[in-house]
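# Remarks on the overall topology
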Amino acid sequence: MSPDVIGANLVVSLKSFYREKSAVFFMIAFPIILILVFGTIFMNQDDVSFELHVQDLDQTTSSAQLVKTLELDGRFKIAQVDPAIDATRYAKDKQVNLVLVIPTGYQRALVQRLGLVGGVPSAAFRNSNASVAVTYIYDASSSSVSQKMQILQSALGAVNQGMSGEPPFIRSAETSILAKKFRFIEFFVPGIIAMSVMTSSLSGAVNMNAELRQKGVIRKLSTTPITHSDWVLSNILYQVILAVMSATAILLVSYAVFNVSLRIDAWLPAFIVLEVFAFAGIGMILTRVAKEAESAMAGANAIMYPMMFLSGSFFPLEMMPGFLQKIARILPLYYGNEGLRAAMVFADNMTALRCSAIIGVFAAVVFVVGIMTTKWEEGK
Amino acid sequence: MTNDTAPAIDVAHLTKRYDDVLAVDDISFTVRMGELFAFVGPNGAGKTTTVEIIDTIRRPTSGTVRLLGMDVTKRKHDILPRIGVLPQGFTSFDRITVAETIQYYSRLFSRRNTDVQGLIRLVNLEDKSEEQFQNLSGGLKQRLGIAVALVNDPEVVFLDEPTTGLDPRARREVWEVLLGLKKKGKTVFITTHYMEEAELLADTVAIIAKGRIIAMGSPEEIIQANAKYLVLTLKCADETALEIVRTMGFEPVQDDHRNITVNVAHSSDVRKILNALTDAEASFLTLDVRNPSLEAVFLELTRRSVTGQPS
């Protein structure tokens, strides 16, 4: 193994990189754009409020009080719907995913339930069977409507509880396992770092093995003293350098724009190195299977893009159906995401160690297979 | 010429097979130290496969190849620092400049004192020194490839079709470079399909067709051994000479400029023709008698090879 040869390859690789503007963009600017976009979208996730369209058919002080109660809950912005129009038609025409209809007779039923006489509740006149049914007109195809309905149901449940006059039987208290409250952006950044290392290493390995071979560069290199090991090692180092640059840019932007709070320690470079070996190994195997550079790159894309979305890089695994969660747990990027989150967000060294061990074993296997299956000499 | 030193290249019963295709079929030859050896043949004859086996890019199916006394399949690591290779269709990293490319390859050979500018001057790329590889024309890329093949001051230089794609002037410049290498005592092995190039440059020529060597020797030896005729060329003012030669039983060929070319078996036939023309007072402007060119011999030999006739 020759340091001079490895150094020469690194210089050529880095010069080729920064002289190709599209490579610089995809390597550094693309993950930053993702951070800025997703960070902005989910910046106020904890404070999000939904628009709720309400049609008050009763038009009484009691029904108006109910609407006010929902508004004061803080989770709804109320939009009034004209009682004279058809609410279902309104929802279709205005593309509204939920309309709450308060029926005529709301106040009458409320008076009966509370036994109000002259505005004063009286047990003698209370009718505990008096009730009113509000109607939800909703768009089942909307992804946010079920969450809205749950929140609305919870708010109406609180109204029912309040009307009972009795204190609740089960109360709840919250205790966070985390020392501080984390935001979505802090969940997102480690996933973007892991994803960025994957895309760079996998496509870099395809370029190294397939494109340069197809062009004939490898043929010329094989007539020089550079060995296959020198070539592979210098390209691994190059990918590690790119990954560190990308991670640094992502973290700097995240700190500057969103003031993220993440722990940076030895786990970050460790996971970067492990992922580079893992995905470079996959890339080498790919180029053995798909000999043409174009088909090898298509194969790389077919691996990268599903893995990005299935591994929890962009959103929590819990949001996915059970069978997809099982699939995610066999993907190497999942352990990259989980390991980096454990280290950077939760300060959970045991989980980081477990994830690094899994990626490490995977990387060792695919990398050795990749080395053994890629050829330095032309056809035997 | 006798030479007591070991050959630079010694190929014995070399065969290369790709599945059903026999690319190189049991060929043997040696290349002396310091000579310029040309491997000529049509496309697909096996030239590139042969040279890539010798310069360690490929492995043979059978046979032995010794380069500078070392088996190419076993001593590759010792051989590479002593040879330079211009592969066919040389290519390099697109965004690296001419000077950087030469520096890069010299570092691969762990050479810190390579005269980069000297090599750039040698191949006349001074005004392209800072140009990226992807912006060079095919001919300039080829010249850069020649410079790269020389970064380690090799003892043996392999150039696979070094002048393909070059304009006539650039081709001549490359010829001068190759002759200069030979003068420095380097062994030069080229493949080419330009017969003129082989005839002009090579000490020894091997003609290969369909994977087999069909002739080998100096250009003069090959011509003498395979072309048992002379070529008589007459530049005439009219058709008279053409008719006279035709009536004598020869088969003259006339070009658009009224030059008559006729192949004759003996020099005595030349005298007969000249006497006949003199007797008929037929005029001609110039007369030329020479051995056939290597290209003519090559065409005849490869024709025989294709049709299965004996050489």
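Starting from 1, residues in each chain are numbered consecutively following that chain's sequence as written. A letter from A marks each chain and a number from 1 marks each ligand, given out in the order of writing. Reporting of local features is limited, given that this is a predicted model, to residues whose pLDDT is at least 70; pairs of side-chain atoms are given and counted only at 80 or more, and all residues count toward the totals for whole chains, interfaces and linings. To obtain the side-chain values, all non-hydrogen atoms of the structure were included, while hydrogens and water were left out.

## Here's the deal with the overall build of chain B
Only DSSP runs of H or I with at least four residues qualify as helices, and only runs of E with at least two residues qualify as strands; both kinds are numbered from the N terminus onward. The helix and strand tally for chain B stands at 11 helices and 14 strands. About 14600 Å² of surface is accessible on chain B, with carbon and sulfur atoms providing 47% of the total. Taken together, the 37 basic and 43 acidic charged side chains of chain B have centroids lying 6 Å from each other. Only the protein chains shown count as cover for residues, and all accessible areas are computed by the Shrake-Rupley method using a 1.4 Å probe. The charged-residue count follows a simple rule in which Lys and Arg add positive charge and Asp and Glu add negative charge, with His and chain termini not counted at all. By convention, the point assigned to a charge is CZ for Arg, NZ for Lys, CD for Glu and CG for Asp.

## Observations regarding the overall build of chain A
What chain A contains, in helices and strands, is 14 helices and six strands. Between the two quantities, the radius of gyration covers C-alpha atoms and the globule rule is 2.2 Å times the number of residues to the power 0.38. Computed over C-alpha atoms, the radius of gyration of chain A comes to 30 Å, more than 25% over the 21 Å expected from 2.2 N^0.38 for 380 residues, which places it beyond the range of a compact globule. A buried classification covers 47% of the 380 residues belonging to chain A. Carbon together with sulfur atoms contributes 61% to the accessible area of chain A, which is approximately 19300 Å² in total. When the 30 basic and 27 acidic side-chain charges of chain A are each reduced to a single mean position, those positions are 4 Å apart. Here's how the labels work: a residue is buried when its accessible area is under 20% of the maximum for its type, exposed when over 50%, partly exposed in between, all with a 1.4 Å probe on protein chains only.

## Brief notes about the interface of chain B and chain A
Counting from both sides, the interface comprises 32 residues of chain B and, opposite them, 28 residues of chain A. Two parts placed together each lose some accessible area; with a 1.4 Å probe, that loss summed over both constitutes the buried area. Interface of chain B and chain A: buried area, both sides summed, is about 2900 Å²; carbon and sulfur atoms make up 57% of it. Of all residues in chain B, R95, R107 and L108 of chain B give up the largest surface area on contact with chain A, accounting jointly for 21% of the area buried on that side. Think of a salt bridge as a Lys or Arg side-chain nitrogen and an Asp or Glu carboxyl oxygen that are within 4 Å of each other. Counting across the interface, chain B meets chain A through seven salt bridges. Here E52 of chain B makes a salt bridge to R219 of chain A, at a shortest N to O gap of 3.5 Å. N or O atoms within 3.5 Å of each other form a polar contact, as long as, within protein, one can give a hydrogen and the other can take it, and as long as residues adjacent in sequence are counted only when both atoms are side-chain atoms. At the boundary of chain B with chain A, the tally comes to 11 residue pairs in polar contact (both at pLDDT 80 or more). At the level of secondary structure, the elements contributing two or more residues to the side of chain B that touches chain A comprise helix 3 (98-108) and helix 5 (138-149) of chain B. In this analysis, two residues are considered to be in contact whenever any of their non-hydrogen atoms come within 4.5 Å of each other.

## Concerning the environment of I151 of chain A
Residues and elements named next belong to chain A. Relative to the helices and strands, I151 is located in helix 6 (residues 145-164). The class of I151 is buried, set by a relative accessible area of 13%. Excluding anything up to four places from it in sequence, I151 contacts F50, R75 and F76.

## Some words on unusual backbone geometry
Despite not being glycine, Q95 of chain A shows a phi value in the positive range, around 55°. Among the secondary structure elements, Q95 of chain A is positioned in the loop between helix 4 (87-94) and strand 3 (98-102). Judged by its relative accessible area of 74%, Q95 of chain A is exposed. In this model, S110 of chain B sits at a positive phi of 55°, which is unusual for a non-glycine residue.

## Topic: the sheet that holds strand 14 (residues 284-290) of chain B
All names here are of chain B. For two strands to be treated as a pair, DSSP must find at least two bridges joining them. The four strands lie next to each other as 12-13-11-14, forming an open sheet whose pairing is antiparallel. Each having just a single partner strand, strand 12 (253-254) and strand 14 make up the two edges of the open sheet. Here strand 12 runs beside strand 13 (residues 259-264); their pairing, made up of two bridges, is antiparallel. Bridged to Q254 within strand 13 is I260.

## Quick word on the packing of aromatic side chains
Between rings of Phe, Tyr and Trp, where Trp is taken as its six-membered ring, a pair exists when centres lie within 6.5 Å; planes separated by under 30 degrees are stacked, by over 60 edge-to-face, and by other angles tilted. One pass over the full model with this rule turns up 19 aromatic pairs over all chains. For the pair W267 of chain A and F271 of chain A, a centre-to-centre distance of 5.9 Å together with 45° between the ring planes defines the contact as tilted. Residue W267 of chain A and its partner F271 of chain A are located together in helix 10 (residues 267-289), separated by four residues, close to a single helical turn. In this structure W267 of chain A comes out as buried when scored by relative accessible area, which is 18%. Here the aromatic rings of F158 of chain B and F189 of chain B are separated by 5.7 Å at their centres, their planes lie at 45°, and the arrangement is tilted.

## Section: the packing of helix 10 of chain A against helix 11 (residues 293-310) of chain A
Residue and element names in this part refer to chain A. To get an axis, a line is fitted to the C-alpha atoms, and for a helix only the part in contact is used. The angle between two axes follows their N-to-C directions and goes from 0 to 180 degrees. Between helix 10 and helix 11, the least distance of the axes is 9 Å, while the angle of their chain directions is 140°. With respect to helix 11, the axis of helix 10 lies oblique. Like other packed secondary-structure pairs, helix 10 and helix 11 cross with a definite hand, here right-handed. From helix 10, F279, I282, L286 and T287 reach across to helix 11, where they touch A296, G299, A300, I303 and M307. Per-class residue counts for the contact of helix 10 with helix 11 are seven nonpolar, two polar and no charged. Angular relationships are summarised with four words: roughly parallel below 35 degrees, roughly antiparallel beyond 145, roughly perpendicular across 65 to 115, and oblique for the angles in between. Each helix crossing is assigned a hand: it is left-handed if the near helix lies turned anticlockwise from the far helix by less than a right angle, otherwise right-handed if that turn is clockwise. Charged means Asp, Glu, Lys or Arg here, nonpolar means Ala, Val, Leu, Ile, Met, Phe, Trp, Tyr, Cys or Pro, and polar covers whatever is left, Gly included.

## So, the pattern of salt bridges
Summed over all chains, the structure comprises 25 salt bridges over all chains. With a shortest N-O distance of 3.7 Å, E173 of chain B and R143 of chain B are connected by a salt bridge. One end of the pair, E173 of chain B, is in helix 6 (residues 168-183); the other, R143 of chain B, is in helix 5, with 30 residues separating them in the sequence. Of the charged contacts in the structure, one is a salt bridge between K272 of chain B and D269 of chain B, with a shortest N-O distance of 3.8 Å. With K272 of chain B and D269 of chain B both in helix 10 (residues 267-279) and three residues apart, this pair spans about one turn of that helix. Taken together, the shared-partner salt bridges in this structure form one network comprising D4 of chain A together with R107 and R112 of chain B.

## Overview of a nonpolar patch on the surface
On the surface, a cluster of nonpolar side chains totalling about 550 Å² of accessible area is made up of F25, F26, F30, I33, V37 and I41 of chain A. When you line up the elements, I41 of chain A lands in helix 2 (residues 21-41). Residues enter a patch when their relative accessible area is above 30% and they make no salt bridge; the linking distance is 9 Å between like charges and 5 Å between nonpolar side chains (Val, Leu, Ile, Met, Phe, Trp, Tyr).

## Some thoughts on the nonpolar core
Side chains of a nonpolar character, in soluble globular proteins, are inclined to be buried together. Residue types Ala, Val, Leu, Ile, Met, Phe, Trp, Tyr and Cys, when buried and joined through side-chain atoms within 4.5 Å, form a set referred to as a nonpolar core. Residues L221 and W231 of chain A together with I102 of chain B are the most contacted members of the largest nonpolar core, which totals 131 residues. Residues A8, V24, F29 and F39 of chain B belong to the second largest nonpolar core, which totals 30 residues.

## Side note on the pairing of strand 2 (residues 76-81) of chain A
Residue and element names in this part refer to chain A. Bridge count between strand 1 (residues 50-56) and strand 2: six bridges; the pairing is parallel. Along strand 2, the bridge assignment pairs E51 with K77. Handedness of the strand 1-helix 3 (residues 61-72)-strand 2 crossover: right-handed. Handedness rule for crossovers: strands pointing away from the viewer, path from the first strand over the helix to the second running clockwise, crossover right-handed.

On their own, these measurements won't tell you what the molecule is for.
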